[in-house]
Amino acid sequence: MRKYVALSTKVYIVLKLSDTVNEEIRYLVHCYRFVSNILSIDLQSGLIITRTHIPSFFISRALQVRHCEKCSTYKPPRTHHCRVCRKCVLRMDHHCLWINNCVGYWNYKSFFVLVSYGTLASLYSTFIIMRCAFQKNWNFEGMLPVNIFYVICAVMMISLSSTLGTLLGWHIYLIVRNMTTIEYYEGIRAAWLARKSGQSYQHPFDVGAYKNTTLILGPNILKWAWPTSASHLKDGLSFPTLRDSS
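Residues numbered from 1 in each chain as written. Predicted model: local features only at pLDDT ≥ 70, side-chain atom pairs only at ≥ 80, totals over all residues. Heavy atoms only, no water.

A separate point is the overall build of the protein. Counting secondary structure elements, the protein contains eight helices and six strands. In the protein, 58% of the contacts between residues at least 6 apart in sequence involve partners at least 24 apart. About 15,600 Å² of surface is accessible on the protein, with carbon and sulfur atoms providing 62% of the total. (Helix = DSSP H or I, 4+ residues; strand = E, 2+ residues; numbered from the N terminus. Contact = heavy atoms within 4.5 Å. Areas by Shrake-Rupley, 256 points an atom, 1.4 Å probe, with all protein chains shown as cover.)

Attention now moves to the UniProt feature "transmembrane region" (unreviewed entry) in the protein. According to UniProt, the feature "transmembrane region" (unreviewed entry) maps to residues 111–129 and 149–176 in the numbering used here. Between the C-alpha atoms that bound residues 149–176 the distance is 40 Å, and the span itself is 100% helix and 0% strand. (UniProt positions renumbered as here; feature names shortened; annotations may be inferred.)

Glancing now at helix α6 (residues 181–196). With 16 residues, α6 ought to run about 22 Å at 1.5 Å a step, and its terminal C-alpha atoms sit 23 Å apart, in line with that. Among all positions of α6, only T181, E183, G187, A191 and A194 are buried. Phi turns positive, to about 80 degrees, at G198, one or two residues after α6. (Expected span 1.5 Å × (residues − 1). Buried < 20%, exposed > 50% of the residue type's maximum accessible area, 1.4 Å probe, protein only.)

With that settled, consider the pattern of salt bridges. Per the stated rule, a full pass over the model turns up two salt bridges. Here R78 makes a salt bridge to E183, at a shortest N to O gap of 2.7 Å. Placement of the pair is R78 in the loop between β2 (73–75) and β3 (80–82) and E183 in helix α6, with a sequence separation of 105 residues. Classification of R78 by relative accessible area gives buried; the value is 6%. Residue R177 pairs with D206 through a salt bridge whose shortest N-O separation is 3.3 Å. Taken together, the residues R177 in helix α5 (residues 146–177) and D206 in the loop between α6 and α7 (209–217) connect sequence positions 29 residues apart. With a relative accessible area of 14%, D206 lands in the buried category. (Salt bridge = Lys/Arg side-chain N within 4 Å of Asp/Glu carboxyl O.)

Turning our attention to unusual backbone geometry. With a phi close to 60 degrees, R86 is a non-glycine residue in the positive phi region. Its location among the elements puts R86 in the loop between β3 and β4 (87–89). Of note, the phi angle at N100 is positive, near 55 degrees, even though the residue is not glycine. For N100, the location among the structural elements is in the loop between β5 (94–96) and β6 (101–103).

Next up on the list: the packing of aromatic side chains. A full pass over the atoms with the stated rule returns seven aromatic pairs. Between the aromatic rings of Y105 and W106, the centroid separation amounts to 5.1 Å while the plane-to-plane angle is 80 degrees, which identifies the pairing as edge-to-face. Looking at Y105, the relative accessible area reads 12%, which means it is buried. Residue classification places W106 among the partly exposed residues on the basis of a relative accessible area of 21%. Judged by centre distance (5.2 Å) and plane angle (85 degrees), the rings of Y184 and Y185 are edge-to-face. Three or more aromatic residues joined by ring pairs make a cluster, and in this case those are Y105, W106, F205 and F239. (Phe/Tyr/Trp six-rings, centres within 6.5 Å; stacked < 30°, edge-to-face > 60°.)

Time to look at α7. Three or more residues of α7 are buried, namely N212, T213, T214, I216 and L217. Positive phi appears at G218, one or two residues downstream of α7, with a value of about 110 degrees.

Next up on the list: the nonpolar core. If you look at the biggest cluster of nonpolar residues, it comprises 13 residues, and the most contacted ones within it are V103, Y108, F111 and I175. Listed by contribution, the elements that provide at least two residues to this core are α4 (108–135), α5 and α7. The dominant element in this core, judged by the number of residues it contributes, is α4, at four residues. Apart from the residues within four sequence positions on either side, Y108 is in contact with R91, D93, V103, H171, L174, I175 and I216. (Core = buried A, V, L, I, M, F, W, Y, C linked by side-chain atoms within 4.5 Å.)

With that out of the way, let us pick up a nonpolar patch on the surface. A cluster of nonpolar residues, M130, F134 and I158, forms a patch on the protein surface that exposes about 310 Å² of accessible area. Mapped onto the secondary structure, F134 falls in helix α4. Given the relative accessible area of 67%, F134 is considered exposed. (Patch = residues over 30% accessible without salt bridge, like charges linked within 9 Å, V, L, I, M, F, W, Y side chains within 5 Å.)

Let's shift gears to the side chain of K109. With respect to the helices and strands, K109 occurs in helix α4. K109 has contacts with I216, L217, K223, W224, W226, S229 and H232, leaving out every residue within four places of it along the chain.

It is worth spelling out the confidence of the model for the protein at this point. With 67% of its residues at a pLDDT of 70 or more, the protein has an overall mean of 75. Confidence drops under pLDDT 50 across residues 49–54; counting only partners more than four residues distant or on other chains, this segment forms 14 contacts. Between residues 57–63, whose pLDDT stays under 50, and residues either more than four places distant or in other chains, the model counts ten contacts. (pLDDT = per-residue confidence, 0-100.)

As structure tokens, this is what we get:
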């Protein structure tokens, strides 16, 4: 019991060594909570398709209507059935274990902003921790130097920053191409089949980098970083294509 008390005391001393670092880390934690709460609220805003009737514009335009055998309902373009949620999701990208929900049409921007903030916060935390590790040298009898403790934390934060940075870069690529993760892998097979038949393949929803970005993040650049700014989203049933822009 005394060992646990002594260890807890040492950890408490380490955490209290720099009030500035504590304030900055506390601020970052609150940012994480704030964005996560916004994301959690936004996840409930009509992510799942529940209607069983076919919209009139599908019939008026003589568009091909797809049906989901598992849901017994129609499937609009870019809609996929999630095995985990057991529902069809509009413009489904993937099922995310970290938010315990699907990332689809209504909450994709919130998810992207969350990943962006997480990456920036991780990089900032890494910088703060490394600065403390190399600028200060605290030593306590019977324990590792505190700068070594900060170096260990910095290694962990670098790993986290690299992971989040890779995820952020991947979704930036998808946004610029107006693709989802599912459509990317479907496009690989479609491109292979096109080359096999002597043709070329182009993603049908890629209408240009800037327009692709505004379709997902919104037309106002100043609101791209705000996760709840989603007034540009429509019904998620139809999307502009290359044929429309040509």
